[in-house]
Each structure stands twice: as C-alpha cells, then as structure tokens.
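# Understanding the architecture of this molecule
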Amino acid sequence: MAELPDWFTSIPYFTKRWLSLTAILTLAGRFGVLNPFNFMLFYEPFIKKFEIWRAVTALLMYPLSPGNGFHFLVNCYFLYSYSIRLETDSFSGRPADYFFLLIFNWICCVMIGLLANIPVLMDPMVLSILYVWCQLNKDVIVSFWFGTRFKAMYLPWVLFGFNLIISGGGLQELVGIIVGHLYFFLMFKYPQEMGGPQLIQTPQILYKFFPNQRTVHGFGQPPTRAAPTAAPAARNQQGEGGLNFRRHDWGRGYVLGQQQ
C-alpha cells in the first residue's frame, strides 16, 4: 500500500495538481455531489452572468458517464504521461516556463471553446500538451495500436483521424492541435527558424513564484535557425537561466504514447 502514496508523491508539481483536480471534480460530478452543467463553459453564463470560474472548471470537470468512461481514462493517461515528460524533461528545472505553457494553452482553449461552443476543455488541452511534446521530439519513433509505428510528429494527427473515424468527432482534437501549434510556432519556430522576434515569453513575475532550479537546459528538439547571427542568437534564450535550444538527446518511442 505504500507504493501508491510514493507514486503520488513522485508526480511533479503541476501535473499532480492538474490530474488531482480533474479526478476530484469529475468524480464529484459523477456521484451527484456537484452538477457538471454549472462547471462547463457556456457563452451566456460566462459572459452575461460573469460566471468566470467556468473557464477553469471546464478544464477540470469532465461529464463522466458509462458511455465515455474509457475515453476519460485515456485522456487521464495522456495528461499524466505527456505532462510529466514535458515538466520533468523538456522543462526540467524551469517550472515558470512550463506554467506559462499551461496558461497560454488554457487561455487559447477557452477563447476557441467559447467561439466553437466546446463546453468541456479537457480534450483540446491534453492534445495541445501532447502536440508540444511531439514537436519537441518529432523524430522519435512511436508505436500506436496494432503495432503501427511512425514519427512522433504524426501522433496528434493519428489521434485526430482515429477519433474522427471511430466516433465521428475530431473537433476537440483539432482545436488541441491548433493551440499546441500556436504555442510552438510563437515560442520556438518563428523566432528561431524564421528569424522573427520573440512574440511570447514567460512573464517575469512567474519566476518570482517558480524560480529556475538550474541555469541551462536543452529544450527538446527545436527548429534549427537557417542563418544564425549574433542578434538572433540572443533570442534563443528564454527566461532567467538562458535556454539554448540547439542540442537534444532523446529516448525511444512509445506504446500508445508511452516509451518502449
């Protein structure tokens, strides 16, 4: 029995809180303690009645039912798996940078959710995190169901197509891909590969609450600059410690998103 508390304690800070709050609110709604309708993202109560908590609870509350229980577990698996890999690997020692990633993607999901009438944000948020990891590790070979193997960069699209074919959905996965790509493009691809300015960066106030734990860390597999110069090289630094995105050394692939 001691293994379960040890496992829970070992989960990193943000992943632990995201997963725990999702489980608590979802189970509370499932057993009738809370009404899931009051926690979903709807335009009229959110805008006209100023029920602003819905922006947060729509991410954490999943309307669990016998028909979508397996889908919820898969979402929790991807949340746990890819959030941990980003928090402890790509963003290791840089909690403020990872928190900004979560905040940026969450705000984008809320905005698109209001426009596209998506009341529950778990699917697009999880897919956006998965997408960022896949872009930072795009050449890693991953394994999917039935022994299929492909590069990690294609995994979000495989999940999108799989859900489109099986359940006739795909909108939420597509939103997650768009949000994840927006972050990756603005944070890495545009300033590094295309030589543009750094349009988004971690606010300095976040470093006061979540200071860096070490100075330099390689950040996944970023795009390579076409013609690096002294000025663009300075833009390769992010946050307080000065990140350099030029080197990477990653592991092997995953079974359904997990390393083999």
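To be clear, the structure that these remarks concern was listed above.
Predicted, not measured: the structure shown is a model, and the values here were computed from it. (Residues numbered from 1 in each chain as written. Predicted model: local features only at pLDDT ≥ 70, side-chain atom pairs only at ≥ 80, totals over all residues. Heavy atoms only, no water.)

### Remarks on the overall build of the protein
- Helix and strand counts for the protein stand at 11 helices and 2 strands.
- Walking the protein from its N terminus toward its C terminus, one meets helices and strands in the order α-α-α-α-α-α-α-β-β-α-α-α-α.
- Taken over 260 residues, the protein has a buried fraction of 51%.
- For the protein, the proportion of contacts with a sequence separation of at least 24, taken over those separated by at least 6, is 71%.
- Of the roughly 13200 Å² that the protein leaves accessible, carbon and sulfur atoms contribute 65%. (Helix = DSSP H or I, 4+ residues; strand = E, 2+ residues; numbered from the N terminus. Buried < 20%, exposed > 50% of the residue type's maximum accessible area, 1.4 Å probe, protein only. Contact = heavy atoms within 4.5 Å. Areas by Shrake-Rupley, 256 points an atom, 1.4 Å probe, with all protein chains shown as cover.)

### Things to note about unusual backbone geometry
- The residue Phe50 is not glycine, and still its phi comes out positive at about 60°.
- Within the secondary structure, Phe50 sits in the loop between helix H3 (43–48) and helix H4 (54–60).
- Positive phi is not limited to glycine here, since Asn117 has a value of about 60°.
- With respect to the secondary-structure elements, Asn117 resides in the loop between helix H6 (95–116) and helix H7 (122–136).

### Here we look at the nonpolar core
- Formed by 64 residues in total, the largest nonpolar core has its most connected members in Trp18, Leu86 and Tyr183.
- Put simply, the parts of the chain that give this core at least two residues each are helix H2 (13–30), H4, helix H5 (69–90), H6, H7, helix H8 (155–167), helix H9 (171–193) and helix H10 (204–209).
- If near-sequence neighbours (up to four positions away) are discounted, Trp18 is found in contact with Leu59, Leu60, Leu79, Ser83, Leu102, Met125, Val126 and Ile129. (Core = buried A, V, L, I, M, F, W, Y, C linked by side-chain atoms within 4.5 Å.)

### A look at the packing of aromatic side chains
- In this structure the tally under the stated criterion is 22 aromatic pairs.
- On the basis of an interplanar angle of 85° and a centroid distance of 5.0 Å, the ring pair of Tyr13 and Phe14 is categorised as edge-to-face.
- Classification of Tyr13 by relative accessible area gives partly exposed; the value is 42%.
- What links up through ring pairs into an aromatic cluster is the set Tyr13, Phe14, Phe91, Tyr98, Phe99 and Phe210. (Phe/Tyr/Trp six-rings, centres within 6.5 Å; stacked < 30°, edge-to-face > 60°.)

### Quick word on H8
- Taking 1.5 Å per residue as the helical rise, H8 with its 13 residues ought to reach 18 Å, and the 18 Å between its terminal C-alpha atoms agrees with that figure.
- Regarding H8, the residues found buried are Leu155, Pro156, Leu159, Phe160, Gly161 and Asn163.
- Buried residues in H8 make contact with H5, H7, strand E2 (149–151) and H9.
- One or two positions beyond H8, positive phi appears at Gly168, with a value near 75°. (Expected span 1.5 Å × (residues − 1).)

### So, H6
- Look at H6: 31 Å from first C-alpha to last across 22 residues, which is about the 32 Å you get at 1.5 Å a residue.
- Once H6 ends, the next one or two residues include Asn117, with phi positive near 60°.

### With respect to the side chain of Ser128
- On the secondary structure map, Ser128 appears in helix H7.
- A distance of 2.6 Å separates a polar atom in the side chain of Ser128 from the backbone oxygen of Met125. (Polar contact = N/O pair within 3.5 Å; in protein donor to acceptor, adjacent residues only side chain to side chain.)

### A short note on the packing of H7 against H8
- Contact geometry for H7 and H8: axes closest at 9 Å, N-to-C directions at 145°. Contacts from Leu127, Leu130, Tyr131 and Cys134 in H7 reach Leu155, Pro156 and Leu159 in H8.
- Across the contact of H7 with H8, the residue classes break down as 7 nonpolar, no polar and no charged. (Axes fitted to C-alpha atoms, helices over the stretch in contact; angles between N-to-C directions. Nonpolar A, V, L, I, M, F, W, Y, C, P; charged D, E, K, R; others polar.)

### A word on the environment of Phe162
- Mapped onto the elements, Phe162 comes out in helix H8.
- By relative accessible area, which is 30% here, Phe162 ends up partly exposed.
- Apart from the residues within four sequence positions on either side, Phe162 is in contact with Phe144 and Trp145.

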